[in-house]
Amino acid sequence: QQAGLAGGEKWHLQIVLFHPEARHQAYAEGPEEASDYSIRSPYPTIHLLRELDVRTAVASGADVQGVPGRNSARLQGEGLSPARARLLGCYEVC
């Protein structure tokens, strides 16, 4: 995707979608998994990432591409109940 800025510059964007009911499985088949919570948010959210920033992060030498897998593994290790409770806690009003 391209987005224009006031100065006329063009930026390529990556669009990342999060949703309270997002699932990794196609068509939401099979049981809910703790790793599904790595792509969930309290409300539908569109996260725009500038391609330049993504490339800079990847070039930094950090294992950026491994982040999704590590997040999923961590959530699977913690289990479904803590992941669900963490998301539901976002709705609590202090």
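Here is a short report on the structure shown in this document. Numbers given to residues run from 1 along each chain, matching the order in which its sequence is written. Only residues with pLDDT of at least 70 are given local features in this predicted model, and only at 80 or more are side-chain atom pairs given and counted; all residues enter the totals for whole chains, interfaces and linings. Think of the side-chain values as coming from all heavy atoms in the structure, minus any hydrogens and water.

1. Side note on the overall build of the protein chain
Step number 1: Strands here are runs of E lasting at least two residues and helices are runs of H or I lasting at least four, both read from the DSSP assignment and numbered beginning at the N terminus. Counting secondary structure elements, the protein chain contains 3 helices and 3 strands.
Step number 2: N-terminal to C-terminal, the α/β element order of the protein chain is β-β-β-α-α-α.
Step number 3: Considering the protein chain as a whole, with its 94 residues, one finds that 18% of them fall into the buried category.
Step number 4: Throughout, a residue-residue contact means that at least one pair of heavy atoms, one from each residue, lies within 4.5 Å. A separation threshold of at least 6 residues defines the contact pool for the protein chain, and within that pool the share at least 24 residues apart is 54%.
Step number 5: Only the protein chains shown count as cover for residues, and the accessible areas themselves come from Shrake-Rupley with a 1.4 Å probe. In the structure as shown, the protein chain presents an accessible area of about 7,000 Å², 57% of it carried by carbon and sulfur atoms. Summary of the burial criterion: residues with accessible area below 20% of their type's maximum are buried, those above 50% are exposed, and those between are partly exposed, where the area comes from a 1.4 Å probe applied to protein chains only.

2. Concerning the nonpolar core
Step number 1: Ranked by size, the top nonpolar core spans 5 residues in total: Ala34, Tyr37, Leu75, Ala83 and Leu87.
Step number 2: Not counting residues within four places of it along the chain, the set of residues in contact with Ala34 comprises Leu75, Gln76, Gly79, Leu80 and Ala83. As used in this record, nonpolar core signifies buried Ala, Val, Leu, Ile, Met, Phe, Trp, Tyr and Cys residues forming a set joined through side-chain atoms within 4.5 Å.

3. Side note on the packing of aromatic side chains
Step number 1: Two rings belonging to Phe, Tyr or Trp (six-membered ring only in the last case) form a pair when the distance between their centres is within 6.5 Å. Interplanar angles under 30 degrees mark stacking, angles over 60 mark edge-to-face geometry, and anything in between is tilted. The tally for this structure, following the rule as stated, stands at 1 aromatic pair.
Step number 2: Residues Tyr43 and Tyr91 carry aromatic rings whose centres are separated by 5.6 Å and whose planes lie at 85° to one another, so their mutual orientation is edge-to-face. Of the two residues, Tyr43 sits in the loop between β2 (10–18) and β3 (45–50) while Tyr91 sits in the segment after α3 (80–89), which places them 48 residues apart along the sequence.
Step number 3: Directly above the ring of Tyr37 sits Arg40, whose terminal nitrogen or CZ lies 4.3 Å from the centroid. As a reminder, the over-ring test applies to NZ of lysine and CZ of arginine, requiring each to be within 6 Å of the ring centre and within 35 degrees of the ring normal.

4. Details of the pattern of salt bridges
Step number 1: Take a side-chain nitrogen of Lys or Arg and a carboxyl oxygen of Asp or Glu: if they are within 4 Å of each other, that pair is a salt bridge. Across all of its chains, the model carries 8 salt bridges by this definition.
Step number 2: Between Asp36 and Arg23 there is a salt bridge; the shortest N-O distance is 3.1 Å. Of this pair, Asp36 sits in the loop between β2 and β3 while Arg23 sits in the loop between β2 and β3, placing them 13 residues apart in sequence.
Step number 3: In this structure, Glu32 and Arg40 form a salt bridge, with 2.7 Å as the shortest nitrogen-oxygen distance.
Step number 4: A residue is classified by how much of its surface remains accessible, and Glu32, at 27% relative accessible area, is partly exposed.
Step number 5: Of the residues examined, Arg40 reaches a relative accessible area of 12% and is grouped as buried.
Step number 6: Because the salt bridges share partners, they merge into one network encompassing Glu32, Arg40 and Arg84.

5. Brief notes about a nonpolar patch on the surface
Step number 1: On the surface, a cluster of nonpolar side chains totalling about 420 Å² of accessible area is made up of Ile15, Leu17, Ile46 and Leu48.
Step number 2: Looking at the nonpolar patch, the elements with two or more residues in it are β2 and β3.
Step number 3: Looking at where Ile46 falls in the secondary structure, it is placed in strand β3. Patches were defined on residues exceeding 30% relative accessible area and lacking a salt bridge, with like-charge contacts within 9 Å and nonpolar side-chain contacts (Val, Leu, Ile, Met, Phe, Trp, Tyr) within 5 Å.

6. Some remarks on the side chain of Ser35
Step number 1: Turning to its location among the elements, Ser35 is positioned in the loop between β2 and β3.
Step number 2: A relative accessible area of 8% means that Ser35 is categorised as buried.
Step number 3: Apart from the residues within four sequence positions on either side, Ser35 is in contact with His24, Ser72, Leu75 and Gln76.

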